[in-house]
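The primary structure of each chain is shown beneath.
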Amino acid sequence: MQEELLYHPFEPIMFEDTKVLVLGSFPSIKSFENDFYYAHPRNQFWKILSTITKYPINNKDQKIWLLKSNHIGLWDMIKSCNRQNSLDSSLEDEEVNDIASLIECYPSVQKIAFTGRKAEALYRLNFQYLDIPTIYLPSPSAAYAKMNFEEKVRAYETLFE
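The rules behind these values
Residues numbered from 1 in each chain as written. Predicted model: local features only at pLDDT ≥ 70, side-chain atom pairs only at ≥ 80, totals over all residues. Heavy atoms only, no water. Buried < 20%, exposed > 50% of the residue type's maximum accessible area, 1.4 Å probe, protein only. Helix = DSSP H or I, 4+ residues; strand = E, 2+ residues; numbered from the N terminus. Arc of directions from axis to C-beta. Contact = heavy atoms within 4.5 Å. Pairing = 2+ DSSP bridges. Axes fitted to C-alpha atoms, helices over the stretch in contact; angles between N-to-C directions.

Novice: Quick question: what am I supposed to make of helix α3 (residues 60-69) here?
Specialist: Three or four residues apart is the spacing at which side chains of an α-helix point the same way, because the helix has 3.6 residues per turn. What α3 keeps buried is the set Lys63, Leu66 and Leu67. The buried residues of α3 occupy an angular sector of 95° when the element is viewed end-on, so they sit on one face. Every exposed residue of α3 that faces more than 90 degrees away from the buried side is listed here: Asp61 and Trp65. Buried residues along α3 sit against α2 (45-53) and β3 (72-76).

Novice: Got a minute to help me understand unusual backbone geometry in this structure?
Specialist: The backbone phi angle of aspartate 35 is positive, close to 60°, even though this residue is not glycine. One can find aspartate 35 in the loop between α1 (29-34) and α2. Located in the positive-phi region is lysine 54, a residue other than glycine, with phi close to 70°.

Novice: Just to check I follow, could you spell out the sheet that holds strand β7 (residues 134-136) for this structure?
Specialist: Pairing between the strands of a sheet is mediated by backbone hydrogen bonds and can be parallel or antiparallel. Reading across the sheet, the four strands line up as β3-β2-β6-β7 and stay open at both edges, with parallel pairing between neighbours. Unpaired on one side and paired on the other, β3 and β7 mark the two borders of the sheet. On average, each strand axis in the sheet is inclined to that of its neighbour by 25°, with strand direction left out of account. Pairing geometry for strand β6 (residues 111-114) and β7, over three bridges, is parallel. Bridge pairing in β7 links isoleucine 112 to threonine 134.

Here's what the structure looks like:
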């Protein structure tokens, strides 16, 4: 059986005053099903940001408001790929999104953050030449158990510095 090429289903979430662009790798299967970023019920991304900002995250609109109010943009590194499951390690034949063009359209971006090593590695491979500071954030996936929730919250606080 031949794998089907998957295309990223979401547009980037960006605002005129976005200061920090958060880049993941590619939406999980649950994110595809729920039609939004970090939509797996066990993924801690929104809970981490809500803990830091005290903003509610009960629906998609509240999550977008949290991002807008805190000058955070959101997208993923991968435009299309093949996958076996939701783990980054199963992604193959990746085509990357044009991060350089996105940054050009939003000159207010001052920092890029990665929510995992796969996103960081793809950025370094393709966009290392961009003169923007970058930071690595631990994966918000519950499967990433090297850090507990409180440690992840402390790491994500660097988004707001």
